[in-house]
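Examination of the molecular architecture
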Amino acid sequence: MRPISTDLDQALALLQAGELVGIPTETVYGLAADASRPDAVAKIFAMKGRPADHPVIVHIAGRQQLDDWAQDIPDAAWKLADAFWPGSLTLILRRKPHVPDAVTGGQDTVGLRAPAHPLTHALLERFGGGLAAPSANQFGHVSPTTAEHVYTEFGDALGLILDGGPCTVGVESTIVGLTDAQPTLLRPGGIPAEAIEAVLGVKLIHHEKPTTAKLRVSGLLDSHYAPRTPLLVGPLAALEAEAYQRFEAGQRVALLHHSQMLQAVCGAECHAMPLNAEAYARALYATLREHDGGRFDVLLLEQPPQTAAWLAVNDRVKRAASGWLA
């Protein structure tokens, strides 16, 4: 019998016993453990194959728990929590001394988020503490957006996966650093930077390549969110030429495009991606997973639009890609 259910009592019992549970959020599915227990958090790292110095985000029920995990909390944090929690926004704050190094990667900061998914929100309210919960997948692989994706990653090795249906956002949370004088966008995600700036009344600092030596946060490695099948990204004309050459060489090719008029490309199985940025984000990981796994020798992805609305999508595509075509 597969370990997929909606049993909150079982989830609570497992977490309180120091075990792992797959949980749904509006962004992606997480692999959760009691964030106050280093032994439980260590099981996350072992199951994912995650580097020990890579911090994990602590999920809490809401703003009332900020003081449990963070200190020297600036006004900006309270404003953002009031505006966007529960939701897909992670705040990087100074950690309280009791927060385990296993959660923070040994840094003096902690990432906190209150997820909006009703099933996990109910679990957090009953649990009372914080849940360390990076994405429920092997480290560096495409993030899961359904319970079935989580089961595909871990099978019966994971005792329970809470089934909350498909994720409604589909890419990870926006991460904002609040430990310096000016707020910093560390990772684009489900909450647009413009919405955050409107609440704070200031521009976010955003570096294309954050100085990760200074502050390590989830999801900033150059290669991340990647399918196991090579993924090449570029303009449609270059992809069409690549698809034909690979077909001539006997390769199986999938072409993921967002061009409305495309009918067929010789030698490729074509898949139309959504035209809207939010819908595209929701579909991205599931589509990569659908075409991964050995059916194709290469995945060709038409580069998404380069506008502000597509910032999070382009960030994930950049990290998932194994190469680029001009």
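From a predicted model like this one, the values you see are computed outputs, not experimental measurements. (Residues numbered from 1 in each chain as written. Predicted model: local features only at pLDDT ≥ 70, side-chain atom pairs only at ≥ 80, totals over all residues. Heavy atoms only, no water.)

1. Quick word on the layout of surface pockets
Roughly 370 Å³ of internal volume is contained in the largest pocket. For the largest pocket, the lining is made up of 21 residues, of which Gly189, Gly190, Pro192, Glu278 and Ala309 are closest to its centre. Every element with two or more residues in the lining of the largest pocket is listed here: α8 (193–200), α10 (277–291) and α11 (311–320). Per-element accounting of the lining of the largest pocket gives the leading share, 4 residues, to α10. When residues of the lining of the largest pocket are assigned to domains, at least three fall in each of domain 1 (4–220) and domain 2 (231–324). (1 Å grid on protein atoms, 1.4 Å probe; cavity = no way out; pocket = protein on both sides within 12 Å on 5 of 7 lines; lining within 4 Å. Points joined across faces, edges and corners; volume = space filled by probe spheres on them. Helix = DSSP H or I, 4+ residues; strand = E, 2+ residues; numbered from the N terminus. Domains from an automatic or database assignment.)

2. Describing the UniProt feature "domain: YrdC-like" (unreviewed entry) in the protein
Residues annotated by UniProt as "domain: YrdC-like" (unreviewed entry) correspond here to residues 5–191. Its end C-alpha atoms 29 Å apart, residues 5–191 is made of 30% helix and 20% strand. (UniProt positions renumbered as here; feature names shortened; annotations may be inferred.)

3. A closer look at the nonpolar core
One finds Leu80, Trp85, Leu89, Val103, Leu112 and Ile196 to be the most contacted residues of the largest nonpolar core, which totals 48 residues. Every element with two or more residues in this core is listed here: β3 (30–34), α2 (38–48), α3 (66–69), α4 (75–84), β6 (89–95), β7 (109–113), α7 (147–154) and α8. Listed in part, the 24 residues of the second largest apolar core include Leu231, Leu284, Val313 and Ala321. (Core = buried A, V, L, I, M, F, W, Y, C linked by side-chain atoms within 4.5 Å. Buried < 20%, exposed > 50% of the residue type's maximum accessible area, 1.4 Å probe, protein only.)

4. Let's talk about the side chain of Thr174
Tracing the backbone through its elements, the reader meets Thr174 in strand β10 (residues 174–177). What Thr174 contacts, discounting residues up to four positions off in sequence, is Ser88, Leu89, Thr90, Leu185, Arg187, Pro188, Gly189, Gly190, Ile191 and Ile196. (Contact = heavy atoms within 4.5 Å.)

5. Describing the packing of α10 against α11
Interaxial distance between α10 and α11 falls to 9 Å at its minimum, and their mutual angle equals 30 degrees. As summarised for this structure, α10 and α11 are arranged roughly parallel, according to the angle between their axes. Seen along the crossing, α10 lies across α11 with a hand that is left-handed. Contact residues: Ala277, Tyr280, Ala281, Leu284 and Tyr285 in α10; Val313, Arg316 and Val317 in α11. By residue class, the composition of the contact of α10 with α11 is 7 nonpolar, no polar and 1 charged. (Axes fitted to C-alpha atoms, helices over the stretch in contact; angles between N-to-C directions. Parallel < 35°, antiparallel > 145°, perpendicular 65-115°, else oblique. Left-handed = near helix turned anticlockwise from the far one by under 90°. Nonpolar A, V, L, I, M, F, W, Y, C, P; charged D, E, K, R; others polar.)

6. Quick word on the pairing of strand β11 (residues 184–187)
Where β10 and β11 come together, 3 bridges link them in antiparallel fashion. Paired with Val176 across the bridge in β11 is Leu185. (Pairing = 2+ DSSP bridges.)

7. Focus on the pattern of salt bridges
A side chain with one charge may pair with a side chain of the opposite charge, provided their charged atoms come close. Here the structure, examined in full by the defined rule, presents 16 salt bridges. Arg316 is the partner of Glu172 in a salt bridge, and the nearest nitrogen-oxygen pair spans 2.9 Å. Of this pair, Glu172 sits in the loop between β9 (161–162) and β10 while Arg316 sits in helix α11, and the two are 144 residues apart along the sequence. Among the residues examined, Glu172 registers a relative accessible area of 6% and is labelled buried. According to the relative accessible area criterion, Arg316 is buried, its value standing at 0%. Its salt-bridge partner being Glu197, residue Lys203 comes within 3.7 Å of it at the nearest N-O pair. Its relative accessible area of 15% is what places Glu197 among the buried residues. A network of salt bridges, in which partner residues are shared, links Glu172, Asp315, Arg316 and Arg319. (Salt bridge = Lys/Arg side-chain N within 4 Å of Asp/Glu carboxyl O.)

8. A few points about the packing of aromatic side chains
Scanning all chains against the criterion turns up 2 aromatic pairs. Geometrically, the ring pair formed by Tyr280 and Trp310 is edge-to-face, given 5.1 Å between the ring centres and 70 degrees between the ring planes. Placement of Tyr280 in helix α10 and of Trp310 in the loop between β15 (298–302) and α11 is noted, with a sequence separation of 30 residues between them. As far as burial versus exposure is concerned, Tyr280 and Trp310 are alike and both buried. For the cation-ring pair, Arg2 lies above Tyr151, with the distance from its terminal atom to the ring centre recorded as 5.2 Å. (Phe/Tyr/Trp six-rings, centres within 6.5 Å; stacked < 30°, edge-to-face > 60°. Lys NZ or Arg CZ within 6 Å of the ring centre and 35° of its normal.)

9. A look at the packing of α4 against α8
It is at 10 Å that the axes of α4 and α8 come closest, and there the two elements cross at 125 degrees. With respect to their mutual orientation, α4 and α8 come out oblique. Between α4 and α8 the crossing geometry is right-handed. Contacts between α4 and α8 pair Ala76, Lys79, Leu80, Ala83 and Phe84 from the former with Ala195, Ile196, Val199 and Leu200 from the latter. Across the contact of α4 with α8, the residue classes break down as 8 nonpolar, no polar and 1 charged.

10. Observations regarding unusual backbone geometry
Residue Pro86 is bonded to the preceding Trp85 through a cis peptide linkage, with omega at -5 degrees. Relative to the helices and strands, Pro86 is located in the loop between α4 and β6. Positive phi, normally seen in glycine, also occurs at Asp72, with a value near 50 degrees. On the secondary structure map, Asp72 appears in the loop between β5 (70–71) and α4.

11. Structural notes on the sheet that holds strand β12 (residues 231–234)
Taken in spatial order, the 5 strands line up as β14-β13-β15-β12-β16 in an open sheet, and their pairing is parallel. The open sheet has two edge strands with one neighbour each: β14 (268–272) and β16 (323–324). Sheet topology note: the β12/β16 ladder contains 2 bridges and is parallel. Note that in β16 the partner of Leu232 across the bridge is Gly323.

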